[in-house]
Amino acid sequence: MRPFRTDELGYVAELEPSERIVLAQLAGDVAQMLQEHAPVDAPGARDLGGAGDGSEDGEAWAPPGWTGPAPRATGSGTPRSDRRAPLDPAVRRLLPAASDDAAVAAEFRRFTQDDLAGEKIGRLVLLGQMLVDGEPAHAAPFVVPRDTAKRVAGALTDVRLVLAERLDLRTDEQVEGLYDELDAEGDDGPDDASDVDGLAARRFLVSVFLLTGLLQESLVDGMLADLRAGRGDARG
C-alpha cells in the first residue's frame, strides 16, 4: 500500500487487490451493522443505486460479503419515538449520544439517528464500490475524486471507530503501542492453538486498523493542503 498523494484527478493511493477486498468487506460489515440498527422500512428509505451514492438509478449494489436486504439510505427527517442507543458498543461509537443528559440525548437521537445512520451507510457503500471497481488483478491506483473525498474520509473514520472498539482502544498511547505489538508477534508465541487463533485474529485487525489510519491521514492531509491552496473542491 502507498498512501494518498495529491493528483490532478484528486487523491491517489496504491492498493493491492487483497487490500481492496479486505477494506471493501469491512466497509460493508460496518454498513450492515448500521443498517441492522436503523429502520430499513422507514419512510424515505431507498435502495442505494449502482453508483453507491444513494441514487435511485441503476441496480442496487452491495459490498462483498453483504447478506440480507440491499443497502438502503434511511431517514425522512420524521422523528421516531422508538430510537434508543444501540446495544453494540461499536455501533454506539458510530451513533453516539449527543449529551450526558439522558433526556436530551434521547430527544436528539429521536430526531437525528435515522438520518445519521443513512448517511453513514451511503458513504460506506460508496467506499466499498470504489475499492472493487474494475477488480484490478495487481496493485493499482485507487483514485478518490475531490468531490467525494469528504465522504470517503468519513467512511474510513467509521471503519476505524469500529476496529478501535473491537481492539478495545481508548487512548492515543494504546494506538501508538500497536506498532510495537506487531513487531513483538512471533518472538515467543503461545502454545495453545486457541490462543494462536486469537492472536492471529487480533493481528489482522491491528494491521487493518493501521492501514486505514494511513489512508485516512494521508487523504485528510491532501484535502487540507488543497483547501489551504484554494485548489478544487476539497470539501467533498
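Reading the values: rules and limits
Residues numbered from 1 in each chain as written. Predicted model: local features only at pLDDT ≥ 70, side-chain atom pairs only at ≥ 80, totals over all residues. Heavy atoms only, no water. Helix = DSSP H or I, 4+ residues; strand = E, 2+ residues; numbered from the N terminus. Buried < 20%, exposed > 50% of the residue type's maximum accessible area, 1.4 Å probe, protein only. Contact = heavy atoms within 4.5 Å. Pairing = 2+ DSSP bridges. Lys, Arg positive; Asp, Glu negative; His and termini not counted. Salt bridge = Lys/Arg side-chain N within 4 Å of Asp/Glu carboxyl O. Polar contact = N/O pair within 3.5 Å; in protein donor to acceptor, adjacent residues only side chain to side chain. pLDDT = per-residue confidence, 0-100.

Student: How do you make sense of the overall build of the protein when you look at a structure like this?
Tutor: Helix and strand counts for the protein stand at six helices and five strands. Along the chain direction, N to C, the helices and strands of the protein fall in the order β-β-α-β-β-α-α-β-α-α-α. The buried share of the protein, reckoned over its 236 residues, is 41%. Relative to all contacts within the protein whose residues are 6 or more apart in sequence, the contacts with residues 24 or more apart total 77%.

Student: When you look at the pairing of strand β2 (residues 10–15) in this model, what are you seeing that I'm missing?
Tutor: Taking burial as the measure, the six residues of β2 include five buried ones, the bulk of the element. Pairing of strand β1 (residues 2–7) with β2, which is carried by four bridges, proceeds in the antiparallel orientation. Across the sheet, residue R5 finds its bridge partner in β2, namely V12. Hairpin remark: β1 followed by β2, antiparallel, with two residues in the connecting loop. Of the strand pairs in this sheet, β2 and strand β5 (residues 140–144) are connected by five bridges, and their pairing is antiparallel. Across the sheet, residue Y11 finds its bridge partner in β5, namely V144.

Student: Any chance you could explain the side chain of E19 here in plain terms?
Tutor: Within the secondary structure, E19 is located in helix α1 (residues 17–36). Here E19 sits buried without a salt bridge, and the closest side chain of opposite charge, R20, lies 7.4 Å off (N-O distance). Engagement of the side chain of E19 in a polar contact is seen with the backbone nitrogen of E16, the distance being 2.8 Å. Excluding residues within four positions of it along the chain, E19 makes contact with M1, E14 and L211.

Student: Please explain the pattern of salt bridges as it appears in this structure.
Tutor: Pairing between side chains of opposite charge can happen when the charged atoms of each approach one another. In the structure shown here, the tally under the stated rule is 12 salt bridges. We note a salt bridge from R110 to E107, for which the minimum N-O separation is 3.0 Å. Residue R110 and its partner E107 are both found in helix α3 (residues 102–132); the two are separated by three residues, about one turn of the helix. The exposure class of E107 is partly exposed, given its relative accessible area of 37%. For R170, the salt bridge is made with E165, and the minimal N-O distance between the two is 3.2 Å. With relative accessibility at 49%, the residue R170 sits in the partly exposed group. Overlapping salt bridges bring together R93, E165, D168 and R170 as one network.

Student: What should I look at first to understand the environment of A149 in this one?
Tutor: Position of A149 relative to the elements: it lies in helix α4 (residues 149–166). Residue A149 is classed as buried on the basis of its relative accessible area of 0%. In the structure, A149 is positioned 73 residues away from G222 in sequence and 9.7 Å away in space, judged by C-alpha atoms.

Student: Help me understand the confidence of the model for the protein in this model?
Tutor: Segments scoring low in pLDDT should not have their predicted coordinates read at a detailed level. Averaged over every residue, the pLDDT of the protein is 82; the share at 70 or more is 75%. Low pLDDT, under 50, characterises residues 40–46; the predicted model gives this stretch 19 contacts beyond four residues in sequence or across chains. Scored below 50 in pLDDT, residues 49–58 makes 25 contacts in the model with residues more than four places away or belonging to other chains.

Student: Can you help me understand the environment of A140 in this one?
Tutor: With respect to the helices and strands, A140 occurs in strand β5. Here the alpha-carbon distance between A140 and L15, two residues 125 residues apart in the chain, equals 5.9 Å. Beyond its immediate sequence surroundings of up to four residues, A140 is in contact with A13, E14, L15 and R20.

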